[in-house]
Amino acid sequence: MKEEKKDIKSLPLGELKKELSARGEKAFRAVQMYEWMHQKLARDFEEMTNLPKALREECKKRYNYTSLRAARVQESRIDGTRKFLFELSDGNVVESVWMKYKHGNSVCISSQVGCRMGCRFCASTLGGLERNLTPSEMLDQVYAITLLTGERVSNVVVMGTGEPLDNYDNLLVFLRMLTDENGLHISQRNVTVSTCGLVPQMRRLAEEKLQITLALSLHAATDEKRRELMPVAKRYSIAELMDACKYYFRLTGRRITFEYSLMGGVNDAGEDALRLSRLAKPMGCHVNLIPVNPVKERDFVRADGDKIRAFQNILEKNQINGTIRREMGRDIDGACGQLRRRHMSDLHHPG
Ligand code: SAH
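Residues numbered from 1 in each chain as written. Predicted model: local features only at pLDDT ≥ 70, side-chain atom pairs only at ≥ 80, totals over all residues. Heavy atoms only, no water.

(A) Structural detail: the layout of surface pockets. Volume-wise, the second largest pocket comes out at about 210 Å³. Lining of the second largest pocket is provided by 17 residues; of these, Arg 43, Ser 67, Leu 68, Ala 144 and Leu 147 occupy positions nearest its centre. For the lining of the second largest pocket, the elements supplying multiple residues, two or more each, are β3 (69–75) and α4 (135–149). Considering each element in turn, the lining of the second largest pocket owes the most residues, five residues, to α4. For the lining of the second largest pocket, a count of residues per class yields 11 nonpolar, two polar and four charged. (1 Å grid on protein atoms, 1.4 Å probe; cavity = no way out; pocket = protein on both sides within 12 Å on 5 of 7 lines; lining within 4 Å. Points joined across faces, edges and corners; volume = space filled by probe spheres on them. Helix = DSSP H or I, 4+ residues; strand = E, 2+ residues; numbered from the N terminus. Nonpolar A, V, L, I, M, F, W, Y, C, P; charged D, E, K, R; others polar.)

What follows is the structure in structure tokens.
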């Protein structure tokens, strides 16, 4: 079997130093190369003009240098949100979203090709998990968007396709490299990781003591209802989840955000809002209310506007800060996994 070439853009600076010093290169070469890859966002070794040509040639032979090809770009006419469909070197595609806010530009990235969590309302999971993304493929989404828009990215949310904590080791390398001062140096406080609630990994993440925000996709305030919506709820109870959230808060000092997608007639009653308040209160959690994006393969419908506001009012009365997520890019398949699915079905059924 052909030996796989090492993925050089997935190596943190310390590893890159070891790698190059084993070839007799000085440490400063590794720093130069790291900056080319992760700060100047070079697309190949050719661009690294202050490195000796022999070294560039050698690296080209030895290493795999990942880069993404934008297969489709859609721009929202409503708010300028752009959705990118990127093709990976093996032909798989992932989606990433670029959102412009007053406080800066935010990128939402995918962490896996597909997903195996099976949430009933989500389009990303319909075809199951294809594979994990490498650290470089997660970084590349941020880099490609920076290059394509010509604007600096200040916030990164890992809320695209995939369950980030199901790809834990690669996620951690990605987070450290994204926030490394020798790379883009994005502030950890501006990075959010969203999970459907894998308890052991949430606890492990707490112990890494990063300053990132952890968002928990709760979507229901009782185990019974949550199990209907999310298969992962059969593995971990809400009580176990809340303990893991408290642990995360205790070790990092960072408050958890709860995500709650409102589905008409499913989880939008006053009773649900009250129960949710009781869960959020002890930890001072912020709640993000997301009107569900209907997915054509599923039968969930949007909660109506009055219901959503009433829900938010109940949270407020209980001193819970709940924001209704401003819907960005509604006209461009904004919901997770929708663009990728459409692309794949166009490929299989052209025309
Ligand atoms: N696997 C991670 C991150 C990806 S999804 C997680 O579960 O958190 C990002 C958020 O969008 C999650 O809260 C997810 O539950 C939610 N989501 C997925 N499909 C949705 C849809 N059709 N409408 C509204 N929210 C959805």
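Picking up after the structure, the text goes on.
(B) Spatial organisation of the pairing of strand β13 (residues 286–291). The buried fraction of β13 amounts to five of the six residues, a majority that puts the element mostly inside the structure. Two elements, strand β12 (residues 257–262) and β13, share six bridges in a ladder whose sense is parallel. Paired with Thr 257 across the bridge in β13 is His 286. The parallel pair β12 and β13, bridged by helix α9 (residues 270–280), forms a crossover whose chirality is right-handed. In this sheet, strand β14 (residues 322–324) lies alongside β13 in parallel orientation, the contact comprising three bridges. Pairing of Val 287 across the sheet is with Gly 322, part of β14. This β-α-β element, β13 to helix α10 (residues 305–317) to β14, shows right-handed connectivity. (Buried < 20%, exposed > 50% of the residue type's maximum accessible area, 1.4 Å probe, protein only. Pairing = 2+ DSSP bridges. Right-handed = clockwise from strand over helix to strand, strands pointing away.)

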